Amino acid sequence: MSSSLLWAVDVYGRVYTLSTAGQYWELCKDAHLEFKRLTSVQQCCWGIAGDHQVYLYMHCSDVPIRCQEETYENQRWNPVDRFCEKLLPSDRWQWSDVTGLKHQTLDSFRLPSEHWEWEADWYVDESIDGEPTEKGGWTYAIDFPATYTKDKKWNSCVRRRRWIRYRRYKSGDTWAKIPSQDDGPLPDPFNDISVGGWEITDEPRGRLSLWAVSLQGKVWCREGIHHHNPEGCVWTEVMTPGEVVQISCGPSDLVWAVLWEGQLLVREGISRENPKGSSWVVVDSPSTEVGASHVAVGINVVWAVTKDRKVWFRRGVNSHNPCGTGWIGMVGEMVMVNVGLNDQVWGISCEDRAVYIRQGVTSSELSGKTWKAIVVARDDNRSHSESANSLVSAGCFFSGEVRVQSQSSVMNDTESSSETERSQTAQSTSPTHADAMKRRIPKVTSDSFISELVSDKERKPGRDGRDDQEEGAPLEQDQKSVPQETSIELLSQSSGQLGARESQWSNVDLEEAQTPLTAAASDTTETSSLSSVATYNLEEQYGVDEHPLWAWVCGGGCAVDSHTHLNWFNTSTGVSSSVQSMSLSITPAQTAAWRKRIFEQLSERSKRELENFRHYEQVIEQSVWVKKGIMQWWRDWKPNKWIDVQFALEQFSGSDSNRDGILFIYYTFNDEKKYLHAFINEITILVPVLNDTKHAFAVYTPERTKQRWPIRLAAATEQEMHDWLALLNLSCCDSRGIHGPPSKQAIWSTTCKGDIYVCEPAPNLEAVPYPLPCDQMFWRQIGGHLRLVESNGLGIVWGIGYDHTAWVCTGGYGGGFSQGLASSTDNIHTQTDVKSVYIHENQRWNPVTGYSSRGLPTDRYMWSNVSGLQECTKASTKPPSPQWTWVSDWCIDYNISGGTDMEGWQYAADFPATYHGYKKMKDFVRRRRWARKCKITTTGPWLEVPPIALWDLTILPCSSQSSVEEVSLWGISNKGDVLCRIGVTRQSPAGTSWLHIGTDQPFKSISIGGGYQMWAIARDGSTFYRGSVSAENPAGDCWYHIPSPPRQKLKQVSVGRTSVYAVDENGNLWYRQGLTPSYPQGSSWEHISNNVRKVSVGPLDQVWIIADKVQGSHSLSCGTVCHRVGVQPMEPKGHSWDYGIGGGWEHITIRGNSQEAPRIVMPVPAESALEKSGCVAEEGGGDGGRTASNSSVLGGKEEELNGNAVSC
């Protein structure tokens, strides 16, 4: 997980950030601004400064924020002037938008604010639907509006062309002031602000809801905030039943506010179509005696603070019941609380002004368990802390001895079944000590956060039992400044420590110091002030050893869960450097090196001692080891069913230390005992199988691979299955002598369920004319979970997860279920991945009820998968495997091909048919897709490469002996931006940063060849070539549009040394002809095969694909690894396919295999060659032979897909 930031404001208005991977509070830029409130998400932070204006802090990214502006130039033909700007009175404007209804000339476009800049001047878009137009970019039609084409016809009376210009957001990593209102009433100065709403029913990515409260108690909502417009457009007032003093917005549809009188408001009716909601509901304060002063909401939680500093948790809150059911009193007294990602809670203690984190917050226990202080120093005082160490502990006394954390640092909750029950043991200080504390610390009231200093020691306690200034009492006017050499030490100590010893630090009384202060008189028990955190005009705000006094904290963009490792609690600043140097810390890498050295020494010693006994005969020539178990086996013949069997693995090693083994399956058929067996050295792969009720895995051999029918076994428990898989994998690797991490030449692949497999290529894999058959290749599993993997001959391996997170291989091996000897001891890290599970809701129209869930008897299930053949309801649909857990609820998916209406429905004439997002007269059926996210946590040799999410990537293919210093690596973000990775080397495979490459439209596939040929596919299916890419100019110069195959839209491209292959959306494989060094774009496309899902072209122009509908002896299989046979320099297209492992495979990369195969020249008579070709074609189409002809990956009727070991 990439690092994220916790934001905080101290009582002097300075903004600090604390990274989840850091150990220090870092002072934010623009220190001259003094802030009062902050609200953040992962990509940005909003704040209210001392001038009551709203500011935005956007994190800089390697991918800039770009927005495309477009306008259309329209012309009509007449006999005199031909095509010109003279239009008919009924025509559209000469310069208009795409609809023609809005007049917009080139000079009418203005930048939204001073924080934007133009990238370049206007230029003409010379493509239409992925096809290049004639020079000038004109498209023609009969009349306005109509269907436009690139070809000019005899009846083309009008034409138009599109002009494009990009603007870029330039105010990154700085506080940018939000521009004032251009039209309508200007909002009052703001007092509170809150951002959220990015998870409102699958809201488009980047959209946010920003809520604000003005000094007049009005509520405002900022509209139009999204990725391409981070500032938003306009403020809109939201009417409320009373004056509001504070508001909180959650990631989804929760919005709560606090009224002046102490009651709470809940916004109802928030949805994707109405993000501002429809109405308010009043909720009483948690306490009947005092009103609420602060509220914080998350996804399914609401926390509140009352005016007596008590903390409350609202139970029963969810999207269907935003008001909840009741309040539960929690232990601790806080000034304010804030809820962030994963419903994690932060707070500021009213006792010591330290930031606390709520520990133990999980999806099953949203209220958490304890409060724990965040104990870290400030980054600007690190140099001081090295010379003057102290115990920096929020809530602990600053003494000179090392001791454990005091009781005031961690507050534990007590069990309580009553909603109003409050633990009296929560107060860790006596009243006397509490009064002393309040005289020492600048105070920020919880109801209004007015910053005031308590300078009157003799004041009487207020009505709520705390020291407070009487209503209407004037502030001290006779005050003097503090000398600059005076250092104010702020102390905090538990009651037990206060009575046990005298303070070793003297406290400078704030009244005697007589510092000019800014404060406001208020009654904190009954009313709430409109002001926010004020600024203290102290010359020296903190001493060297003091912890900051915080006024506000925000964790809206801080990703922390119960498994996150944080370095926020173990800062040993109070321990001297000499003591620290005495502590020993042995890292896993040191342990692994130590073990390896000991093993080598023992091996050398054994060789020396056994040297004198070589002439003796071996007493034991062979050792045998057997492991048995009870499992279930999927019977090969009909009726197919699971039957109980005895399972045994017999391993033996000979005198030459070679290990081998046999796998036995003993079963009973017709009261007769029989068995199956498979030699360990013949097993080619072990694949875990997705099954809701069984913990199953599949065993493949070359013969079983040809048949598409593996041996399927099921264990009683998941752990037992993993133990057997680890043991069998280790045995298979031992029998082949494969140990350690994958080689640089390895072939990587992934299944459709995210498992990662690697194969060590044999030297004769690409031999001509007799290559190694694909079904004899051995694949071993590597820990982790990825959607695709790319590699090159230097050992640089990258991957992309289903959540578009980029990962780089660390050089380790194992992970996942592989432990012990089957996994490396170092370079194994935790990896997470998130994917969506989809189901479809189907309805049919009838004249009585309209669209309903009552279908015809021949219809598909009303809740089904995408094919409609399997019933899938919300209740019955489970995560893909037990390793996955749900992390969200079911929601409507609007991002589906063909578009949807406002409710997510797609319409068609019947099931199945082509769906569209609007209703026609003859549409009698409709469907909509529901999505739910699930998460997996595993281990593997992968490290995350933050922060940009990727859709595709490519690495420069080169040999292992290549002298390339910096490897060219390109990627496409999930938004379609093209990126070039800087600083990728053998020593640093992760690189340093991304370089953004400008494009006119979003891309979806990219590939670079061995000669730096760069090809890419846009999302509209058009093809592009990047010119002038080289080692000296890794970014290239410009894009050249390449025509796609006729009436086809490409979706993926792969480039080798001299070959370019592409796959279109219909599964056709195309080869680019006419590629020469002087004309690298080529001349035309040639069709090679069909039923292709993915293609990978290696550094030697090897061609490997993932094919669908491959015929086996029992069934068809989808997702099969295939190798193109006969590829030679004079015949780059090859002549046939060789089938390998499958089905259920999703991706393969051959781009790391650069070893040349030995070539054997054997003349073959022409007649024999023709006869052989005929036999091969007949085999491929008939009984599931290994090779197929050139025209098609397979031919034959569709059968039941029983051959898939991994369900796609």
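Everything discussed here concerns the structure shown above.
Residues numbered from 1 in each chain as written. Predicted model: local features only at pLDDT ≥ 70, side-chain atom pairs only at ≥ 80, totals over all residues. Heavy atoms only, no water.

Caption draft 1: Fine view of the packing of aromatic side chains. Scanning the entire structure with this criterion turns up 37 aromatic pairs. Arranged with centres 6.2 Å apart and planes meeting at 55°, the rings of Trp 845 and Phe 924 form a pair that is tilted. Here the residue Trp 845 occupies a position in strand 50 (residues 829–846), and Phe 924 occupies one in the loop between strand 55 (906–908) and strand 56 (925–940), the gap between them amounting to 79 residues. Among the aromatic residues, those joined into a ring-pair cluster are Trp 7, Phe 35, Tyr 55, Tyr 57 and Trp 175. (Phe/Tyr/Trp six-rings, centres within 6.5 Å; stacked < 30°, edge-to-face > 60°. Helix = DSSP H or I, 4+ residues; strand = E, 2+ residues; numbered from the N terminus.)

Caption draft 2: Looking closely at the environment of Ala 908. Turning to its location among the elements, Ala 908 is positioned in strand 55. Residues Ala 908 and Lys 919, 11 residues apart in the sequence, show an inter-C-alpha distance of 8.0 Å. Setting aside its immediate chain neighbours within four residues, Ala 908 contacts Ala 913, Thr 914, Tyr 915, His 916, Asp 923, Phe 924 and Val 925. (Contact = heavy atoms within 4.5 Å.)

Caption draft 3: Structural context of the sheet that holds strand 57 (residues 942–944). Reading across from one edge, 47-48-49-57 is the order of the four strands in this open sheet, with antiparallel pairing throughout. Two strands bound the open sheet, and with one partner strand each, they are strand 47 (788–791) and strand 57. Strand-to-strand twist in this sheet, taken as the mean axis angle between neighbours without regard to direction, amounts to 30°. Relative to strand 57, strand 49 (residues 806–809) is paired through three bridges, and the arrangement is antiparallel. What sits directly across from Trp 807, in strand 57, is Glu 944. (Pairing = 2+ DSSP bridges. Axes fitted to C-alpha atoms, helices over the stretch in contact; angles between N-to-C directions.)

Caption draft 4: Main features of the environment of Val 699. Mapped onto the fold, Val 699 is located in strand 42 (residues 695–700). When its relative accessible area of 0% is taken as the criterion, Val 699 is described as buried. Spatially, the C-alpha atoms of Val 699 and Ile 711 are 5.0 Å apart, while their sequence positions differ by 12 residues. Other than its neighbours up to four places away in sequence, Val 699 contacts Leu 663, Ile 683, Ile 685, Leu 686, Pro 710, Ile 711 and Leu 713. (Buried < 20%, exposed > 50% of the residue type's maximum accessible area, 1.4 Å probe, protein only.)

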